[in-house]
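# Fold and geometry: a report
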Amino acid sequence: MNCTDFLAKLTDYFDGQIDPDLLAEVKQHLGTCHHCEVVVDTTRKTIDVYRDDKSYELPESLHDRMRAAVMQRCMATGRLPDVELKPGGKMPNPQEFIREETERAKH
Amino acid sequence: MAAQTSSIIDEPAGPEGDLSASEPVEIHPDVALVERAKAGDQAAFETLVKQYERQIFRTALHITQNREDAEDITQDVFVKAFTKLDQFQGNSKFSTWLVRIAVNESLMRLRKRKTSKTVSMDQDVETGEGSIPRDFAEWRPNPEQNYNQAELAEILRKTIAGLPPGFRTVFTLRDIENLSTEETAEALGLSVPAVKSRLLRARLQLRERLSRYFRKTNEGAREAMRLTAKP
């Protein structure tokens, strides 16, 4: 196995989806090729450092507000088919919505 | 296929994604909640929102790199899911279905931002960049400890933001959200080999770019970060 062959198997190796014979070859290559060993080590660290990054978490302060907004918008749709979404978090008022729909139904 | 144009009906997985052909089907707890929500149980739907709002927000934020957009998208995803619940047929996990909607909404948002450019899962993925490692420098044992929290977050943000959206999305679903390769393929409307190929290149490109900051021998990494942070 050379470095190109190894690279082709890198995703399967990381994901533990490699058959035992091939795994033995991969390990043998890693034991003799420092460059590939570095690639494996630093790629693993790349994944780990992104997994540990908490800056993409939904802030705790937003949880309740987010859920309330979602539920209010859901209820306002009355589950009408293909109801127009309102991007930007502009929450429709359910009472107004129902009143408008009732008025529209009358005409 | 451009992900933002794909249907949100959870079509049965193809042969590559079908892991359950001969296995007994295990019923996911979400199935009962979805059925109750379909029957009009608001509390059941709220439970689903509570369960997945974090994941959907993270996914949208990684793809769009914009917190305001991610908040809007998270709301839109659940409202859309609510209005289209009848289209969820239980052929995939409910969470995968939500992620699929989130990816579509996020890519659409990116497309709106770039008025003259189409943004899709296929954008920029045909370039050869990043498919072959060039940097073989070892990293420090705990490279992240060399930076404070804000510096590290900025390095990671800038680095992943530099990836084409198609690569960024695959890396986010597979490596950050821990979806399986098959689930990632299903959520993105890609084949399993296409996911594997993009994942490899995404990982290698990120590794290559982070090496600049984390390598053992580069004593000027912190300075490099400060210099590149200047407008």
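As the structure is a computational prediction, the values presented were derived from the model and not from experiment.

### Overview of the overall build of chain A
Summing up its helical and strand segments, chain A has six helices and zero strands in all. Secondary structure elements of chain A occur, N-terminal to C-terminal, as α-α-α-α-α-α. For chain A, with 107 residues in total, the buried portion stands at 19%. Across chain A, every contact between residues at least 6 apart in sequence was considered, and the portion connecting residues at least 24 apart equals 22%.

### Here's the deal with the domain arrangement of chain B
Residue and element names in this part refer to chain B. Each domain of chain B was delimited in the assignment, giving domain 1 (26-113) and domain 2 (143-229). Computed from C-alpha coordinates alone, the two centres of domain 1 and domain 2 are separated by 24 Å. Opposite the 14 residues of domain 1 that make contact, domain 2 presents 15 residues. When residues of the side of domain 1 that touches domain 2 are traced back to their parent elements, those giving at least two are α2 (42-64) and α4 (94-113). In terms of residues, the side of domain 1 that touches domain 2 owes the most to one element, α4, which gives six residues. For the side of domain 1 that touches domain 2, a count of residues per class yields five nonpolar, six polar and three charged.

### Some thoughts on helix α3 (residues 67-83) of chain B
The end-to-end C-alpha distance of α3 of chain B, which contains 17 residues, comes to 24 Å, matching closely the 24 Å that a straight helix rising 1.5 Å per residue would cover. Among the 17 residues that make up α3 of chain B, 14 are buried, leaving the element largely enclosed by the rest of the structure.

### A word on unusual backbone geometry
Residues and elements named next belong to chain B. The phi angle at Gln65 is positive, at roughly 60°, despite the residue not being glycine. Along the chain, the position of Gln65 falls in the loop between α2 and α3. Phi is positive for Asn178, which is not a glycine, with a value near 65°. Judged by the 11 C-beta atoms lying within 10 Å of it, Asn178 falls in the exposed class.

### As for helix α3 (residues 20-32) of chain A
Here α3 of chain A is 13 residues long and its end C-alpha atoms lie 19 Å apart, about the 18 Å a rise of 1.5 Å per residue gives. For α3 of chain A, the tally of buried residues reaches only one of 13 residues, placing the bulk of the element at the surface.

### Digging into the interface of chain A and chain B
By a widely used convention, the size of an interface equals the accessible area lost when the partners come together. Each side of the interface is counted separately: chain A has 33 residues, and chain B has 41 residues. Top contributing element to the side of chain A that touches chain B by residue count: helix α4 (residues 34-51) of chain A, with eleven residues.

### Structural notes on the packing of helix α5 (residues 60-77) of chain A against α2 of chain B
For the pair α5 of chain A and α2 of chain B, interaxial distance at closest approach is 10 Å and the crossing angle is 140°. Of the possible angle classes, the one that applies to α5 of chain A and α2 of chain B is oblique. Crossing angle aside, the handedness with which α5 of chain A passes α2 of chain B is right-handed. Between α5 of chain A and α2 of chain B, the contacting residues are Met66, Arg67, Val70, Met71 and Cys74 of chain A on the first element and Gln42, Phe45, Glu46, Val49, Lys50 and Glu53 of chain B on the second.

### As for the confidence of the model for chain B
Residue and element names in this part refer to chain B. On average, residues of chain B carry a pLDDT of 82, and 75% of them reach 70 or more. Mean pLDDT values for the elements of chain B range from 55 in helix α9 (residues 221-229) up to 96 in α3. Confidence over residues 1-6 falls short of pLDDT 50; this stretch has 19 contacts with residues more than four positions distant or in other chains. Of the regions scoring below 50 in pLDDT, residues 14-20 engages in ten contacts with residues more than four places distant in sequence or in other chains. Both scores are available for the predicted complex, with the pTM at 0.77 and the ipTM at 0.78.

Rules and cut-offs
- Residues numbered from 1 in each chain as written.
- Chains lettered and ligands numbered in written order.
- Predicted model: local features only at pLDDT ≥ 70, side-chain atom pairs only at ≥ 80, totals over all residues.
- Helix = DSSP H or I, 4+ residues; strand = E, 2+ residues; numbered from the N terminus.
- Buried ≥ 20, exposed ≤ 12 C-beta atoms within 10 Å, placed from the backbone.
- Contact = placed C-beta atoms within 7 Å.
- Domains from an automatic or database assignment.
- Nonpolar A, V, L, I, M, F, W, Y, C, P; charged D, E, K, R; others polar.
- Expected span 1.5 Å × (residues − 1).
- Axes fitted to C-alpha atoms, helices over the stretch in contact; angles between N-to-C directions.
- Parallel < 35°, antiparallel > 145°, perpendicular 65-115°, else oblique.
- Left-handed = near helix turned anticlockwise from the far one by under 90°.
- pLDDT = per-residue confidence, 0-100.

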